[in-house]
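Understanding the architecture of this molecule
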Amino acid sequence: MNEIAIHVQDIYKNFHKQSSFPWPRRNGGEVSRQVVAVDNVSFDVHKGEIFGVLGPNGSGKSTLVRLIATLLLPDGGSITVFDHDVVRDPMAVQRLINRVSVEASFFKKLSPMENLSYGARLYGLNNRQARIQIREILNRLGLEASSVGKPVEEMSRGMQQKVAIARALLTHPAVLLLDEPTTGLDPRSKREVQSLVCELRDQEGTTILLTTHDMVEADTLCDRIAIMDSGRVVALETPEKLRSLVPSQNGHAPTLEDVFLELTGKKLVSEEANS
Ligand SMILES: Nc1ncnc2c1ncn2[C@@H]1O[C@H](COP(=O)(O)OP(=O)(O)O)[C@@H](O)[C@H]1O
Ligand SMILES: [Mg+2]
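Here is a short report on the structure shown in this document. Sequence order as written defines residue numbering, which begins from 1 separately in each chain. Chain letters start at A and ligand numbers start at 1, both assigned in the order the entries are written. Per-residue local features of the predicted model are confined to residues with pLDDT of at least 70, and side-chain atom pairs are confined, for both listing and counting, to 80 or more; whole-chain, interface and lining totals are unaffected and use all residues. The side-chain numbers reported here are obtained from all heavy atoms of the structure, hydrogens and water having been left aside.

**Structural notes on the overall build of the protein**
Strands are runs of DSSP state E lasting at least 2 residues, helices are runs of H or I lasting at least 4, and numbering of each runs from the N terminus. Within the protein one finds 10 helices and 10 strands. Across its three principal axes, the protein shows a C-alpha extent of roughly 60 × 55 × 40 Å. Remark: exposure states derive from per-residue accessible area (1.4 Å probe, protein chains only) relative to the maximum for the residue type, with buried under 20%, exposed over 50%, and partly exposed in between. A burial count over the protein gives 47% of its 275 residues as buried. Taking the intrachain contacts of the protein between residues at least 6 apart in sequence as the baseline, contacts between residues at least 24 apart amount to 70%. Contacts are assigned to residue pairs with any non-hydrogen atoms lying within 4.5 Å of each other.

Here you go:
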């Protein structure tokens, strides 16, 4: 049997959103609307697999990632990471995971090396050892020596995303949570990040949960894919099985896009970050 790395059981999370009505309400009260971001989601991620969460904007992907990362508390259900409960034992979970979000935060005036050294110090890594490790990681990510010393703010978003992943790798996390790691990247940087993700699974046995709205990415990278729509998981299969859910039309094999359309009646609009 495959060891279970992440166990998500009946997870529910809602937010209270202030209404953006520009006019005052007659009763004068604040208008707040409930948004169910994650609606009774259950799944297991096996150790060493790349598990994709595919869905359009607003489908609940980031909320799910933040719940697993102990950054949010669920309103219902439970999550364990290698048997550690995210609510009861968040510290144990934090030691096992690392997360890279779409908008990674840096000290923008500092270089990747300085940012990573700072990260290494936070994690209590030995400075000399950390610098060697940082160079090795940055090199592996295709960051030339010349850019390692430049302020992060002068780098492209693709580069910045790679630095963010490099920082996450410093702790050798057993579980890496990547929230839209390739959104807004140019095709080449995208491929570099994707091959790094595969390498991590293949060479270090890292368990990776990644979110994406890029179907080609989900298809090529993921061992299994959970398709999310409006906070719900509408399918969870291998890419091959997902495609087999939809009959081939006009002689050509269905794409994941066809599967999404078939399952939800909606198009999965790809919206790249503007940069
Ligand atoms: N902190 C928050 N406060 C209020 N609403 C939120 C918050 N975070 C997410 N939401 C809402 O929850 C839903 C799911 O959002 P999110 O998890 O960010 O989706 P995705 O990552 O798939 O784009 C959206 O309707 C979003 O507006
Ligand atoms: Mg998101």
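That covers the picture; the talk isn't over yet.
**A word on the pattern of salt bridges**
In what follows, salt bridge is the name for a side-chain nitrogen of Lys or Arg lying within 4 Å of a carboxyl oxygen of Asp or Glu. Considering all chains together, one arrives at 12 salt bridges under this definition. Taking the shortest distance from any N to any O, the salt bridge between glutamate 153 and lysine 109 comes out at 3.1 Å. Residue glutamate 153 is found in the loop between helix H5 (145-148) and helix H6 (157-169), and its partner lysine 109 is found in the loop between strand E6 (97-100) and helix H3 (112-122); the two are separated by 44 residues along the sequence. Judged by relative accessible area, glutamate 153 falls into the partly exposed class, the value being 40%. A salt bridge links aspartate 219 to arginine 243, with the shortest nitrogen-to-oxygen separation between them at 2.6 Å. Separated by 24 residues along the polypeptide, aspartate 219 in helix H8 (residues 215-221) and arginine 243 in helix H9 (residues 239-244) bring together distant segments of the chain. Residue classification places aspartate 219 among the partly exposed positions, given a relative accessible area of 27%.

**A few points about the site of ligand 1**
Residues in close proximity to ligand 1 include Phe15, Lys17, Val35, Ala37, Pro56, Asn57, Gly58, Ser59, Gly60, Lys61, Ser62 and Thr63, which together make up its full environment. At a separation of 2.8 Å, an oxygen atom of ligand 1 approaches a polar side-chain atom of lysine 17. Glycine 58 places a polar main-chain atom, nitrogen or oxygen, 2.7 Å from an oxygen atom of ligand 1. Using a 1.4 Å probe, accessible areas were evaluated by the Shrake-Rupley method; residue-level cover was limited to the displayed protein chains. Surface burial for ligand 1 is 71%, taken as the share of its 560 Å² of free accessible area covered by protein chains. Looking at the shell around ligand 1, the elements with two or more residues in it are strand E1 (4-18), strand E2 (32-46) and helix H1 (61-68). Ranked by the residues each element gives to the shell around ligand 1, the list is headed by H1, at three residues. Grouping the constituent residues of the shell around ligand 1 by class yields four nonpolar, six polar and two charged. A single heavy atom is enough: if one lies within 4 Å of a molecule or strand, its residue is considered near that molecule or strand. Each polar contact in these results corresponds to two N or O atoms within 3.5 Å; when the atoms are within protein, one needs to be able to donate a hydrogen and the other to accept it, and residues that are neighboring in sequence are counted only if both atoms are side-chain atoms. Three classes are used, and their members are as follows: Ala, Val, Leu, Ile, Met, Phe, Trp, Tyr, Cys and Pro are nonpolar, Asp, Glu, Lys and Arg are charged, and the others, Gly among them, are polar.

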